[in-house]
Structures are given as structure tokens and as C-alpha cells.
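# Residue-level structure breakdown
Given next are the chains, with one letter for each unit.
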Amino acid sequence: MQFLTKTAWWVIPVTWLPFVCYFIMKSISLGHTPLQVASMVVAGIFVWTLIEYTLHRFLFHIKTRSYWGNTMHYLLHGCHHKHPMDGLRLVFPPAATAILLFPFWNLVKLISTPTTQPGLFGGGLLGYVLYDITHYYLHHAQPSQEALKNLKKYHLNHHFRIQNRGFGITSSFWDKVFGTLPTTKSADKQR
């Protein structure tokens, strides 16, 4: 069953970007202007960031007590925390993503109209792709830009210092909103 938890990073864009393009093109074919579709995509990415935070905080870090609960948690996210530099366990496998896309599609359906649903969904899926490749990048790259250096530091802080805080991967926005922003080492030293 562990083989289902391993995926090379490049599989994510190769698998999902064609679907992103399809949903964006579907929005255009429904009569929306490129600016309107761009707005839907940005909104979809924003919704994804909340889903990213929520899944990471409440599902990936769920407390389990049973053998099967522990096993499922380990396969879902625990193996990633145990082996955070394993390049095959940094992105979410496409089979699991496909399953999660059904409730995401229905969520988007609830908050949109039939003509805006494809653009919002495509944006959310693009947000997911960006999340997964960003996650891989944060673990394996040596960023030169200050913003990416800070994001890498922020995420690795979640892995190696304070695992019950810092649930955002692509940003700390929702951690700020929900009060789960981790303290910095310098703030800890001042106490």
C-alpha cells in the first residue's frame, strides 16, 4: 500500500495542468471574457489556499488512536513528516487527488453559478498544482529570492520545530487569520 504514497513531483503538473486548461477553456467557451476568467482563476486559487490549510491542519495532523487510524494517517501524511526529504513523498498522489476533487467540485458548485464553476474549479486545481510543486521546491531547492527563502524557512519550521502550527504551505495567510502562526526562534529566545 505504501507504493500509493510515492509520486515524482513532475507527475502533478503533467497530470493536472491539462485539466486546468480544459476548465479555463470551458469558461471562455461559456462566453466569459479573459479578464472574467482570470478573476475566476484567482478566486479559485484563493479558495484552494483555504482548503490547503484546512486539510493540512485538520486531516493531515489528526490525532488517531486505533491501529487503522494510525496506519491511514501514516500513509496520508505521517510518512512525509518521518521522511521529509524523501522526494517521492512530497506531492499528493494523483489517485488520492482524483478522489478529493469530487468534494471540491461540489464545494465550488455551492459557491458559484453553472457558468463560473469551471473557471473557479480550474483555478482551484491550478492552486493545488502550484501548492504541490511549491512544496517540493521548499524541500529540495536552495532559493535565492528572499520571499522564497522565508517561505522555505517557514515550512521547515513546521517540520522540525513546531508541528502543531504553520499549516500553510504556499503562504502563512491562513495561519495569521486562524492564530496558528508559529513563533520564531528569536521570539522564543527572548522569553
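See the structure above.
If you're wondering where the values come from, they're calculated on a predicted model, not measured in any experiment.

Our focus in this paragraph is helix α4 (residues 94-111). In a regular helix each residue adds 1.5 Å, so 18 residues correspond to 26 Å; α4 covers 25 Å between its end C-alpha atoms and thus fits that length. The set of residues buried in α4 consists of T97, L101, F104 and V108. Of the surrounding elements, those touching the buried residues of α4 are α1 (11-29), α2 (34-59) and α5 (117-140).

The subject of this paragraph is the environment of Y131. Here Y131 is to be found in helix α5. Spatially, the C-alpha atom of Y131 lies 9.9 Å from that of F92, the residues being 39 residues apart in sequence. Once residues within four sequence positions are removed from consideration, Y131 is found in contact with W48, E52, F60, I169 and T170.

What follows is about a nonpolar patch on the surface. On the surface, F46, L50, F173, V177 and F178 cluster together into a nonpolar patch covering about 450 Å² of accessible area. Of all the elements in the fold, those that place two or more residues in the nonpolar patch are α2 and α7 (173-178). The leading source of residues in the nonpolar patch is α7, at 3 residues.

In this section: the side chain of E52. One can find E52 in helix α2. For E52, which is buried and forms no salt bridge, the nearest opposite charge comes from K176, at a distance of 13 Å. In contact with E52, other than residues within four places in its own chain, are Y131, G168, I169 and T170.

Conventions used here
- Position numbers for residues count from 1 along each chain, tracking the sequence in the order it is written.
- Under the rules for a predicted model, residues below a pLDDT of 70 receive no local features and side-chain atom pairs below 80 are neither given nor counted, while totals for whole chains, interfaces and linings still include all residues.
- No hydrogens and no water enter the side-chain calculation; it runs on all heavy atoms of the structure.
- Helix and strand definitions follow DSSP, with helices as H or I runs of at least four residues and strands as E runs of at least two, each counted in order from the N terminus.
- To estimate the expected span of a helix, subtract one from its residue number and multiply by 1.5 Å.
- In this scheme, a residue with accessible area under 20% of its type's maximum is buried, one over 50% is exposed, and one in between is partly exposed, where area comes from a 1.4 Å probe on protein chains only.
- The contact definition used throughout considers only heavy atoms, calling two residues in contact when any of these lie within 4.5 Å.
- A patch is a set of surface residues, each over 30% in relative accessible area and not in a salt bridge, joined within 9 Å for like charges and within 5 Å for the nonpolar side chains Val, Leu, Ile, Met, Phe, Trp and Tyr.
- Residue-level accessible areas treat just the shown protein chains as cover; the underlying method is Shrake-Rupley with a 1.4 Å probe.
- Any Lys or Arg side-chain nitrogen located within 4 Å of an Asp or Glu carboxyl oxygen qualifies as a salt bridge.
- In summary, the charge assignment counts Lys and Arg as positive and Asp and Glu as negative, without counting His or the chain termini.

Distances and angles like these do not, on their own, reveal function.
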